[in-house]
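Take a look at the letters that make up each chain.
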Amino acid sequence: MAFLKKEPIPTLRADANLTDRITDLLVAEITGGQYAVGEVLPPEQVIADRLNVSRTVLREAVSRLKAEGLVQSKQGVGLTVMMTTRPSVLRMVAAEEGDTEQVLRIVELRRGFEIEAATLAAQRRTDEDLAAMRAALTAMEQAIADGDVAAGVDADLGFHRAVALATKNEHYLNFFDFLAGLLAENLRVSRSRSAKLAGRASQAQREHETLFKAIEAGDPEAARDHARTHVEHTEARLRSTQAAEWN
């Protein structure tokens, strides 16, 4: 097939399963003998153009490939093939749009992960890690000011990915990418629906700022407490959004 090395494939229909289908196409390409371990894929914008999809859809698909260990972003190199066979590892399916209960179950799983990641990040973070977190917080603040829900979700996930990276444990980063692939679109839908509920985004922003300060201060206990509070409040916000839709 090698569509990434040749001409663009026909336009794909933008429906609810687009990210899943793009993921399957990329997996088939990488595991189909067209690439060798260590080979670098085309830049994300090139891939998005050849697949006729948005960068947002492509990023979600790539995050799933990262979670499975098929590819890895290497600084100064690009998206690199790490294995050419799909591993037999944990598989979970993203919640269908509107399935808030399934999203909440994923958030419950995220709770323990985020708490431990924040604790380790407070102990191991570098100046570079803190700069990445600060950049994500700035992007979140701008997204709130612009009323840009999609950009806000991307920045939110970017912050938590920077925390996972700061653990200096590649398994935390890989698991975060796995969870992000399951959560990203659902968070966008949920936040779009709750955008009119006053103060939601600002409250989440304050929680991120507080967590950042604890990590910056190198205080693992405070980071643990603030991470727990943030995830619990995230769950509460999702539940209240669901209740508002039903009323």
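Residues numbered from 1 in each chain as written. Predicted model: local features only at pLDDT ≥ 70, side-chain atom pairs only at ≥ 80, totals over all residues. Heavy atoms only, no water.

Draft legend 1. Expanded view of the nonpolar core. Met133, Phe159, Val163, Leu211, Ile215 and Ala223 are the most contacted members of the largest nonpolar core, which has 36 residues in total. At the level of elements, helix 4 (100-124), helix 5 (127-146), helix 6 (149-166), helix 7 (170-193), helix 8 (200-216) and helix 9 (220-246) are the ones that each hand at least two residues to this core. Every residue in contact with Phe159, bar those within four places of it in the chain, is listed here: Met133, Ala136, Leu137, Met140, His208, Leu211 and Phe212. Within the second largest apolar cluster, 20 residues are counted, among which are Leu18, Leu51, Val57 and Leu79. (Core = buried A, V, L, I, M, F, W, Y, C linked by side-chain atoms within 4.5 Å. Buried < 20%, exposed > 50% of the residue type's maximum accessible area, 1.4 Å probe, protein only. Helix = DSSP H or I, 4+ residues; strand = E, 2+ residues; numbered from the N terminus. Contact = heavy atoms within 4.5 Å.)

Draft legend 2. Spatial organisation of the packing of aromatic side chains. Under the criterion given, the structure shown has two aromatic pairs. For the ring pair Phe113 and Phe175, a centre distance of 5.3 Å and an interplane angle of 70° mean the geometry is edge-to-face. With Phe113 in helix 4 and Phe175 in helix 7, the pair connects residues that are 62 residues apart, well separated along the chain. The class for Phe175 is partly exposed, based on a relative accessible area of 23%. Ring pairs connect the aromatic residues Phe113, Tyr172 and Phe175, which therefore count as one cluster. (Phe/Tyr/Trp six-rings, centres within 6.5 Å; stacked < 30°, edge-to-face > 60°.)

Draft legend 3. Focus on the pairing of strand 1 (residues 71-74). Here four bridges tie strand 1 to strand 2 (residues 78-81), and the two strands are oriented antiparallel to one another. Residue pairing for strand 2: Val71 is matched across the bridge by Val81. (Pairing = 2+ DSSP bridges.)

Draft legend 4. Main features of the packing of helix 2 (residues 44-51) against helix 3 (residues 55-67). Viewed as axis vectors pointing N to C, helix 2 and helix 3 meet at an angle of 110°, and their least axial separation amounts to 9 Å. Here helix 2 is positioned roughly perpendicular relative to helix 3, judged by the angle of their axes. The two elements helix 2 and helix 3 cross, and the hand of that crossing is right-handed. Contact with helix 2, carried on its side by Glu44, Gln45, Ile47, Ala48 and Leu51, involves Arg55, Leu58, Arg59 and Val62 of helix 3 and no other residues of that element. Looking at the contact of helix 2 with helix 3 residue by residue, the classes come out as five nonpolar, one polar and three charged. (Axes fitted to C-alpha atoms, helices over the stretch in contact; angles between N-to-C directions. Parallel < 35°, antiparallel > 145°, perpendicular 65-115°, else oblique. Left-handed = near helix turned anticlockwise from the far one by under 90°. Nonpolar A, V, L, I, M, F, W, Y, C, P; charged D, E, K, R; others polar.)

Draft legend 5. Layout of the side chain of Glu235. Looking at where Glu235 falls in the secondary structure, it is placed in helix 9. For Glu235, the residues in contact, after removing those within four places along its chain, are Leu104, Val107, Glu108 and Arg111.

Draft legend 6. Molecular detail of the packing of helix 6 against helix 8. With their axes 12 Å apart at the nearest point, helix 6 and helix 8 run at an angle of 20° to one another. In this view, helix 6 runs roughly parallel relative to helix 8, as classed from their interaxial angle. As for how helix 6 packs across helix 8, the hand of that crossing is left-handed. Only His208, Leu211, Phe212 and Ile215 of helix 8 make contact with helix 6, whose side of the interface consists of Asp156, Phe159, His160 and Val163. Tallied by class, the residues present in the contact of helix 6 with helix 8 amount to five nonpolar, two polar and one charged.

Draft legend 7. Molecular detail of the side chain of Thr80. Residue placement: Thr80 occurs in strand 2. Side-chain polar atoms of Thr80 contact the backbone oxygen of Gly78, separated by 3.2 Å. In this view, Thr80 contacts Gly38, Glu39, Val40, Leu70, Val71, Gln72 and Lys74; residues no more than four positions away in its chain are not counted. (Polar contact = N/O pair within 3.5 Å; in protein donor to acceptor, adjacent residues only side chain to side chain.)

Draft legend 8. Highlighting helix 3. Helix length check: helix 3, at 13 residues, gives a terminal C-alpha distance of 18 Å against a target of 18 Å (1.5 Å per residue), a fit within 8%. Burial within helix 3 is extensive, with 10 of its 13 residues counted as buried. Gly69 sits one or two positions beyond helix 3 and adopts a positive phi of about 85°. (Expected span 1.5 Å × (residues − 1).)

Draft legend 9. Layout of unusual backbone geometry. The phi dihedral of Asn52 falls on the positive side, at around 60°, and the residue is not glycine. Position of Asn52 relative to the elements: it lies in the loop between helix 2 and helix 3. Even without being a glycine, Lys168 presents a positive backbone phi close to 60°. With respect to the secondary-structure elements, Lys168 resides in the loop between helix 6 and helix 7. Residue Lys168 is classed as partly exposed on the basis of its relative accessible area of 45%.

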